[in-house]
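Fold and geometry: a report
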Amino acid sequence: GPVAAAAVGDVNLAPTAEERKDLALVLVAMSNACKRLAERLAAAPLRAGDSLGYAAGGDDGEGGTNASGDVQKKLDVVANELVREALASCGAVRYYCSEEEEGVMELNAGGRFVVVCDPLDGSRNIECNIPTGTIFGVYRCVDEDEGGGGGDGA
């Protein structure tokens, strides 16, 4: 159906045809990353050495910490790599921000979107076989001259 147009100030929120195509690329990339992650989670007990336990980085035998201060599990790192690589290869994502990394990463200078993500929410539950998930948001990059500038172009 038709997309409803909305405007806030001078910013037109109705996506263009090119933005809809690029958004589809982003969503397919996320879908593919989630599929690969599900396959990895299903095989985790068979690949315990590189899938289960804590990620390297801690001085106390535990893993390093993510941007939120949580101790990282190996699968947190694997999930982040899968998502980041999928989004980088789709070409439509300019910035990627993950709970598993410090700061914002620029993936493609010509990308139209910003993706924020917790690649593997609930990773503490993996050994208990409790469901996990991937949480993400996709936002259109707004240039400063379009009225959305907070100084960073996103």
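For the structure, check the block above.
Residues numbered from 1 in each chain as written. Predicted model: local features only at pLDDT ≥ 70, side-chain atom pairs only at ≥ 80, totals over all residues. Heavy atoms only, no water.

**Remarks on the overall build of the chain**
Regarding its fold elements, the chain presents three helices and six strands. Helices and strands appear in the chain in the N-to-C order β-β-α-α-α-β-β-β-β. Looking at the chain residue by residue over its 154 residues, the buried ones come to 34%. Contacts in the chain between residues far apart in sequence, at least 24 positions, make up 42% of those at least 6 positions apart. Carbon and sulfur atoms provide 52% of the accessible area of the chain, an area that totals close to 8700 Å². (Helix = DSSP H or I, 4+ residues; strand = E, 2+ residues; numbered from the N terminus. Buried < 20%, exposed > 50% of the residue type's maximum accessible area, 1.4 Å probe, protein only. Contact = heavy atoms within 4.5 Å. Areas by Shrake-Rupley, 256 points an atom, 1.4 Å probe, with all protein chains shown as cover.)

**Looking at the nonpolar core**
Nonpolar side chains in soluble globular proteins generally cluster together in the buried interior. Ranked by internal contacts, the top residues of the largest apolar core, which has 15 residues, are Val26, Val83, Leu87, Cys90, Val93, Tyr96 and Val115. When residues of this core are traced back to their parent elements, those giving at least two are α1 (17-43), α3 (74-90), β3 (93-98) and β5 (113-121). Setting aside anything within four residues of it in sequence, one finds Val115 in contact with Val26, Leu87, Val93, Tyr95, Tyr96, Cys97, Gly137 and Val138. In terms of nonpolar packing, the next biggest core, distinct from the first, is built from six residues, Leu37, Leu75, Ala79 and Leu120 among them. (Core = buried A, V, L, I, M, F, W, Y, C linked by side-chain atoms within 4.5 Å.)

As far as function goes, none of this settles anything; it's purely spatial.
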